[in-house]
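For reference, the chains in residue letters:
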Amino acid sequence: KAGVTQTPRYLIKTRGQQVTLSCSPISGHRSVSWYQQTPGQGLQFLFEYFSETQRNKGNFPGRFSGRQFSNSRSEMNVSTLELGDSALYLCASSLSSGGEKGYTFGSGTRLTVV
Amino acid sequence: SQQGEEDPQALSIQEGENATMNCSYKTSINNLQWYRQNSGRGLVHLILIRSNEREKHSGRLRVTLDTSKKSSSLLITASRAADTASYFCATDGTGGGNKLTFGTGTQLKVEL
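A brief look at the structure comes next. (Residues numbered from 1 in each chain as written. Chains lettered and ligands numbered in written order. Predicted model: local features only at pLDDT ≥ 70, side-chain atom pairs only at ≥ 80, totals over all residues. Heavy atoms only, no water.)

## A closer look at the state of the cysteines
- Evaluation of the coordinates by the stated rule reveals two disulfides over all chains.
- In this model, C23 of chain A is linked to C91 of chain A through a disulfide, with the two sulfur atoms separated by 1.9 Å. One disulfide, between C23 of chain A and C91 of chain A, carries an S-S torsion of 65° and so falls in the right-handed class. Pair noted here: C23 of chain A is in strand β3 (residues 19-24) and C91 of chain A is in strand β9 (residues 87-94), with a separation of 68 residues, a long-range link.
- Relative accessible area serves as the criterion here: at 0%, C91 of chain A is assigned to the buried category.
- There is a disulfide in this structure between C23 of chain B and C89 of chain B, and the S-S distance comes to 2.0 Å. Handedness here is read from the sign of the S-S torsion; for C23 of chain B and C89 of chain B, about 70°, the answer is right-handed. With C23 of chain B in strand β3 (residues 19-24) and C89 of chain B in strand β9 (residues 85-93), this residue pair connects regions lying 66 residues apart in the sequence. Both residues of the pair, C23 of chain B and C89 of chain B, count as buried. (Disulfide = S-S within 2.5 Å. Helix = DSSP H or I, 4+ residues; strand = E, 2+ residues; numbered from the N terminus. Buried < 20%, exposed > 50% of the residue type's maximum accessible area, 1.4 Å probe, protein only.)

The following block contains the structure:
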């Protein structure tokens, strides 16, 4: 079956702009979570959505937001971009409880803020 | 903030040798997972060990978990050049929902 699809793969934005990233989970997976990876802070949890509801949220400012649609596809939005938002953004899909197969990650969107 | 620390940060070995990576974490967990990442791409799930398990095997991988010490180790036996990647441990906590807390990662280089 198809894996987790993230679009776009690469993105260059200017400081102050906003950006929307998309994630399509594996068919049948209802949980989508987002992570930010930077050289300085490593992999950090942003938020998780399950059945269109945010179930968990990490320690990020309100400029980071997300949503999930009825087909489980998820988007995350970052407003008023800062240079420090440059990162690899990864989404992961899973069944409700993660299960024995863990989480399946997409290839990520690499965001560069200039 | 990250919960886990991994040791060593970097490891260089010859093909055919074994590679051992260690991970420590801070809070109660439901399970601990190991992931591989090649060159800043997506993470690939390798193995999951539940909090009531002590050891688990999958192919050339062996994972141990010591909940009393809040630590885990990943052993890759008979390593290959294709195993060159970054390896991360991640804990799934007891707070509900799906939220992984990642370690700092070990960069493994397997040389021919």
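## Some points on the sheet that holds strand β8 (residues 74-78) of chain A
All names here are of chain A.
- In space, the four strands of this open sheet follow the order β1-β3-β8-β7, with antiparallel pairing throughout. Since the sheet does not close on itself, it has two edges, and those belong to β1 (5-7) and β7 (64-68), each with one partner. When strand polarity is set aside, the average angle formed by the axes of neighbouring strands in this sheet is 15°.
- Across five bridges, the pairing between β3 and β8 is antiparallel. For S22, the partnering residue across the bridge sits in β8 and is E75. (Pairing = 2+ DSSP bridges. Axes fitted to C-alpha atoms, helices over the stretch in contact; angles between N-to-C directions.)

## What about unusual backbone geometry?
- The step from T7 of chain A to P8 of chain A runs through a cis peptide bond, and the omega angle for that step is -10°.
- Relative to the assigned elements, P8 of chain A resides in the loop between β1 and β2 (10-13).
- P8 of chain B follows D7 of chain B through a cis peptide bond whose omega is 0°.
- Inspection of the secondary structure assignment puts P8 of chain B in the loop between β1 (5-7) and β2 (10-14).
- Its identity as a non-glycine residue notwithstanding, T80 of chain A has a phi of 45°, on the positive side.
- With respect to the helices and strands, the residue T80 of chain A is situated in the loop between β8 and β9.
- Here T80 of chain A falls in the partly exposed class, since its relative accessible area comes to 48%.

## Overview of the pairing of β3 of chain A
- The pairing of β1 of chain A with β3 of chain A spans three bridges and is antiparallel. Its bridge partner being in β3 of chain A, Q6 of chain A is matched across the sheet by C23 of chain A.

## A closer look at the interface of chain A and chain B
- Opposite the 29 residues of chain A that make contact, chain B presents 21 residues.
- Viewed at the interface, chain B and chain A are joined by zero salt bridges.
- For the side of chain A that touches chain B, the leading source of residues is strand β5 (residues 42-50) of chain A, giving five residues.
- Among the residues making up the side of chain A that touches chain B, the classes are represented as eight nonpolar, 15 polar and six charged. (Contact = heavy atoms within 4.5 Å. Salt bridge = Lys/Arg side-chain N within 4 Å of Asp/Glu carboxyl O. Nonpolar A, V, L, I, M, F, W, Y, C, P; charged D, E, K, R; others polar.)

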